[in-house]
Amino acid sequence: LEKIILDTLDFNQAVQQIVDSVLTELGYLKLGYRIVVLALIDGQSQSLKRISISQTEEAKKALKVTPVPFQEIIIPLSATDNYCIKAVTESTPFVTHDWKDILVPPYTEDNARIVQKIVGIKTSMVYPVVYHGKTQGIIIFSMTKDEKQVSDKEKDLIRGFTDVVGI
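Residues numbered from 1 in each chain as written. Predicted model: local features only at pLDDT ≥ 70, side-chain atom pairs only at ≥ 80, totals over all residues. Heavy atoms only, no water.

Chemist: Looking at this structure, I do not really get the overall build of the chain. What am I missing?
Modeler: A count of helical and extended segments in the chain gives 7 helices and 6 strands. Listing the helices and strands of the chain from first to last along the sequence gives α-α-β-β-α-β-α-β-α-α-β-β-α. By the compact-globule yardstick of 15 Å for 167 residues, the chain fits well, its C-alpha radius of gyration being 15 Å. Counting over 167 residues, the chain shows a buried share of 47%. For the chain, contacts bridging at least 24 residues in sequence account for 58% of all contacts bridging at least 6. On the chain, roughly 8,600 Å² of surface is accessible, and the fraction owed to carbon and sulfur atoms is 52%. (Helix = DSSP H or I, 4+ residues; strand = E, 2+ residues; numbered from the N terminus. Rg over C-alpha atoms; globule rule 2.2 N^0.38 Å. Buried < 20%, exposed > 50% of the residue type's maximum accessible area, 1.4 Å probe, protein only. Contact = heavy atoms within 4.5 Å. Areas by Shrake-Rupley, 256 points an atom, 1.4 Å probe, with all protein chains shown as cover.)

Here's what the structure looks like:
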């Protein structure tokens with residue numbers, strides 16, 4: 001991951017490779033992980049904006065059926081019920097089985113649940129991306145298994161991964 005970040009000067013290319021690498025390089029696809037999303041804080045608009053999404057079949061399916069285009073999934077920092085915003089403000093990971101927790105607003109609760117069902121995601125873990133003690137954004141790891149099936153080794157790798165992304 002450090003090599004990807006240091007070798008790539010193009011921001012969009014680097015963030016795309018970041019979300020794809022957790023699934024391919026770490027082999028998490030075999031472990032039930034299906035979608036990885038990176039979102040960063042936009043200080044000017046005081047919101048959390050989606051930056052990149054993994055290029056998996058499930059992600060492509062989600063992009064196809066979404067009622068809100070990916071780049072327009074913007075969550076105001078004032079949406080304190082949203083788990084992505086909670087991960088930012090509390091600098092701690094959150095887990096959900098209901099996509100309403102990570103997509104409302106701009107989705108309605110019903111739309112979030114419909115897309116989740118179509119894609120086949122059971123659990124999503126939201127980890128803060130921290131740099132110099134300040135949360136810069138989040139990474140969402142969505143999978144087809146329950147968080148109880150996530151090993152301590154997987155959690156350690158995810159924490160390490162998000163730490164490197166923060167850099």
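The rest of the description comes next.
Chemist: How should the pairing of strand 2 (residues 47-53) be read in this particular structure?
Modeler: Each regular strand displays side chains that alternate between the two surfaces of the sheet. Among the 7 residues that make up strand 2, 5 are buried, leaving the element largely enclosed by the rest of the structure. The antiparallel hairpin formed by strand 1 (residues 33-42) and strand 2 contains 4 residues in its connecting segment, where Q46 sits at a positive phi of about 55°. Two elements, strand 2 and strand 3 (residues 74-76), share 3 bridges in a ladder whose sense is antiparallel. By the bridge assignment, L48 is partnered in strand 3 with I75. (Pairing = 2+ DSSP bridges.)

Chemist: Quick question: what am I supposed to make of a nonpolar patch on the surface here?
Modeler: Taken together, the side chains of V65, I114 and I118 define a hydrophobic patch exposed on the protein surface, amounting to about 230 Å² of accessible area. You can see V65 is positioned in helix 3 (residues 57-65). Residue classification places V65 among the partly exposed residues on the basis of a relative accessible area of 34%. (Patch = residues over 30% accessible without salt bridge, like charges linked within 9 Å, V, L, I, M, F, W, Y side chains within 5 Å. Salt bridge = Lys/Arg side-chain N within 4 Å of Asp/Glu carboxyl O.)

Chemist: I'm lost on the nonpolar core in this one. Help?
Modeler: Of all hydrophobic cores here, the largest spans 28 residues; its most connected members are I35, L48, C84, W99 and I138. Among the secondary structure elements, those contributing two or more residues to this core are strand 1, strand 2, helix 3, helix 4 (83-90), helix 5 (100-103), helix 6 (109-119) and strand 6 (134-143). Not counting residues up to four positions away in its chain, the partners in contact with W99 are I35, A112, V115, Q116, I121, S124 and S142. Listed in part, the 19 residues of the second largest apolar core include Y33, V150, I158 and F161. (Core = buried A, V, L, I, M, F, W, Y, C linked by side-chain atoms within 4.5 Å.)

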